[in-house]
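Breakdown of the fold
For reference, the chains in residue letters:
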Amino acid sequence: MKKLISLLFLTVLLCINNTIVAQSRGEKFMSQAQKHLDNKEYIQARYNFVQAFSQFAADSVYDKAVDAGVKAAALYHRENYYKEAFEQLGKVDRMLLDTKAANPSNATLMYYPAKERMAMYMKLKNGAKATEWLNRMKSIVKASGNGSLNNDLLYNEANFNYTFGKVATGDAAINKLISLYESEKDYNKADECFKQLIAQATRLKNAEMVSRAYSRYNHWNDSIRNIREDNELNHIKAQLDEANATITDKESTISVKNGIIVTLIVIIGILAAILIFGALLLLRQIAAARKAKKNLAIANEHNQLKAQFIHNISEQMAPTLNTLDRSLPAVKALEEFALHIQALSDIENSLDEKYDTEEVNLTKFCDSIISKVKPEVKPGVSLTANVPKMSAKFNPQAVEEILLHLLGNAAFHTSDGGKITLEFKKRGAKTMQFLVTDTGCGIPEEKQESVFKPFSEIKDLTTGDGLGLPICSLMAEKMNGTLSIDREFKHGTRFILEIKS
């Protein structure tokens, strides 16, 4: 009997150990997959997600199995391997269907493979199939009563409608989602919804939708700011009332005996300390308010420029459209304009993500740039590079793009007999400068402030959209640098690209 009990005990321990080992294997595959995904090693990531799915499914860890299986399908989908993606999602569905009777809550997990199927059919522009899976997602959410799934469904419903041109229906879904976040006082998620809506409208190149999105976003920002300020004011008032009540209570308990003088001195000392602390706190709040006001002024200036552009977008495009003829010369201008807008938006949204740097041989780098610009230079114009024989650390792709734009502008505006020069100067241990100088017509002083600001004027796009210098300026900012005009140079134009490592 004792031997039988010992045998059973060992068997149970062995089963538990096997389960722990198997789960750790699933977690290991998942961790490796995520690491490959972060490094953009998509094939290795996909393989490990597939292995993690199989391991978790075998161990009945269904939520993690679904996560791994859907991510594997998404990576197949990313590389347009739709057959393999659908097969992987089919495995996930079969696993959940097989376990639904034993655990009805697993039915909620079917939402995630359904969402991935809808995304694939959207990419394939198959509206009927995408609609079918969207409806299935709605049924799953309705049956589950899961609030977070409902929020995710609203966003995917909006994305579906925008993809297939149903802008009004997409707006309704986004507005409903934003209202839910507002009711929950989750303003950060509501703010993210607005930004995603603006990004989606920009990708669709829908000017009316962009204008509406920006308008409501600005209005929403103002209202939320007022709510937060009111909450802070009420909190301060409550603290003040509480402090006054405390003082009143203390005053009412002051003894009229001999110890009253000592008690009053202590109270006066406490009040003095409170006043000093309050004064210091007030000074800090004033300083913070001034800084916030300055930042707000800068943000408002940018928002006003963008809002003005959206408002005038039809006027902006009208001059170009009026120039169209059978050869359609304006089409290229319009396409470049759209690309520049997208590039400007992408850089603005990634300003915190700095460019990678590497050691670059300055002589080879600048000679390569000069050779690329030379065909654009007019006859009789000299184009030279004056750089030391050394190397410097910066992002060569970004710097090359900026210098090519500056030198291209210089080549366009410099006539016969003129000079164009590219120079490099070291201004300190961590500061370097590239200078592009030409003896062309120059930039009027009254326009030098606005050349780095996008959409500062309405013009014929066939003569240029004016976004090149703003884009270059933002790229310089991503390198901890600046792009400026040398106002002391009066014999043409000199641009200074300063980079701090």
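About the criteria used
Residues numbered from 1 in each chain as written. Predicted model: local features only at pLDDT ≥ 70, side-chain atom pairs only at ≥ 80, totals over all residues. Heavy atoms only, no water. Helix = DSSP H or I, 4+ residues; strand = E, 2+ residues; numbered from the N terminus. Expected span 1.5 Å × (residues − 1). Buried < 20%, exposed > 50% of the residue type's maximum accessible area, 1.4 Å probe, protein only. Arc of directions from axis to C-beta. Pairing = 2+ DSSP bridges. Phe/Tyr/Trp six-rings, centres within 6.5 Å; stacked < 30°, edge-to-face > 60°. Lys NZ or Arg CZ within 6 Å of the ring centre and 35° of its normal. Polar contact = N/O pair within 3.5 Å; in protein donor to acceptor, adjacent residues only side chain to side chain. Contact = heavy atoms within 4.5 Å. Axes fitted to C-alpha atoms, helices over the stretch in contact; angles between N-to-C directions. Parallel < 35°, antiparallel > 145°, perpendicular 65-115°, else oblique. Left-handed = near helix turned anticlockwise from the far one by under 90°. Nonpolar A, V, L, I, M, F, W, Y, C, P; charged D, E, K, R; others polar. Core = buried A, V, L, I, M, F, W, Y, C linked by side-chain atoms within 4.5 Å.

It is worth spelling out helix 8 (residues 167-183) at this point. For helix 8, spanning 17 residues, the distance from its first C-alpha to its last is 24 Å, which sits close to the expected 24 Å at 1.5 Å a residue. Taken together, the buried positions of helix 8 are occupied by Val167, Gly170, Asp171, Ala173, Ile174, Leu177, Ile178 and Tyr181. The buried residues of helix 8 occupy an angular sector of 165° when the element is viewed end-on, so they sit on one face. Away from its buried face by more than 90 degrees, helix 8 exposes Ala168, Lys176 and Ser183.

Let us look at the environment of lysine 185. Within the fold, lysine 185 resides in the loop between helix 8 and helix 9 (187-204). Overall, the relative accessible area of 62% leaves lysine 185 in the exposed class. Taking the C-alpha atoms as reference points, lysine 185 and isoleucine 224, 39 residues apart in sequence, are found 9.7 Å from one another.

Moving on: the pairing of strand 3 (residues 391-394). With burial as the criterion, only one face of strand 3 is covered, namely that bearing Ala392 and Phe394; the residues Ser391 and Lys393 on the opposite face remain uncovered. As judged from the four bridges shared by strand 1 (residues 358-361) and strand 3, these two strands associate in the antiparallel manner. Within strand 3, the residue paired with asparagine 361 across the bridge is serine 391.

This brings us to the packing of aromatic side chains. Per the counting criterion, the structure on display carries eight aromatic pairs. Ring pairing ties together the aromatic residues Phe365, Phe394, Phe424 and Phe434, which thus form one cluster. Positioned above the aromatic ring of tryptophan 133 is the side chain of arginine 136, whose terminal nitrogen or guanidinium carbon lies 4.0 Å from the ring centre. The ring of tyrosine 355 carries lysine 478 above its face, with NZ or CZ at 4.9 Å from the centroid.

Residue position: histidine 77 is located in helix 3 (residues 62-78). Only 3.0 Å separates the side chain of histidine 77 from the side chain of glutamate 116, close enough to count as a polar contact. Filtering out sequence-adjacent residues up to four positions away, histidine 77 remains in contact with Tyr82, Ala85, Glu116, Ala119, Met120 and Lys123.

Moving on: the pairing of strand 4 (residues 419-426). For strand 2 (residues 382-386) and strand 4, the ladder comprises five bridges, and the chain directions are parallel. Looking at the pairing, leucine 383 lines up with isoleucine 420 of strand 4. Across seven bridges, strand 4 lies against strand 5 (residues 431-438) in antiparallel orientation. Within the sheet, the bridge partner assigned to leucine 422 lies in strand 5 and is valine 436. Counting the residues in the hairpin turn of strand 4 and strand 5 gives four residues, including glycine 428, whose phi is positive at 160°.

The next thing to look at is the packing of helix 7 (residues 147-163) against helix 8. How two helices sit against one another is set out by the angle between their axes and by the gap between those axes. It is the contact of helix 7 with helix 8, at a shortest axis distance of 7 Å, that shows an interaxial angle of 160°. The angle between helix 7 and helix 8 falls in the class roughly antiparallel. As for how helix 7 packs across helix 8, the hand of that crossing is left-handed. Here helix 7 contributes Asn150, Asn151, Leu154, Tyr155, Glu157, Ala158, Asn161 and Tyr162 to the contact with helix 8, which in turn contributes Val167, Thr169, Gly170, Asp171, Ala173, Ile174, Lys176, Leu177, Leu180 and Tyr181. Looking at the contact of helix 7 with helix 8, its residues break down into ten nonpolar, five polar and three charged.

Before going further, it helps to examine the nonpolar core. Side chains of a nonpolar character, in soluble globular proteins, are inclined to be buried together. Counting residues in hydrophobic clusters, the biggest one holds 48 residues, and the most contacted among them are Phe365, Phe394, Val399, Leu403, Phe434, Leu483 and Leu497. Residue contributions to this core peak at eight residues, all from helix 15 (residues 396-413). Counting residues in each nonpolar core, the second largest holds 42 residues, with Ala68, Ala73, Met95 and Val141 among its members.

On to helix 2 (residues 42-58), then. For an α-helix the count is 3.6 residues per turn, leaving residues at separations of three or four pointing the same way. With 17 residues, helix 2 extends 24 Å between its outermost C-alpha atoms, agreeing within 8% with the 24 Å of an ideal straight helix rising 1.5 Å per residue. Among the residues of helix 2, Ala45, Arg46, Asn48, Phe49, Val50, Ala52, Phe53, Gln55 and Phe56 are the ones counted as buried. Following helix 2 by one or two positions, serine 60 has its phi on the positive side, about 65°.

Attention now moves to the sheet that holds strand 7 (residues 493-500). The pairing of strands in a sheet comes from backbone hydrogen bonds and takes either a parallel or an antiparallel form. Overall, mixed pairing links the five strands, which are arranged 2-4-5-7-6 in an open sheet. With one partner strand each, in any of the chains shown, strand 2 and strand 6 (482-485) form the two edges of the open sheet. Ignoring strand direction, the axes of neighbouring strands in this sheet form an average angle of 15°. Contacts between helix 14 (residues 362-373) and the sheet are confined to strand 2, strand 4 and strand 5, with strand 2 contributing the most and set at about 165° to the helix. Running at roughly 135° to strand 6, helix 17 (residues 468-477) makes contact with strand 6 and strand 7 of the sheet.

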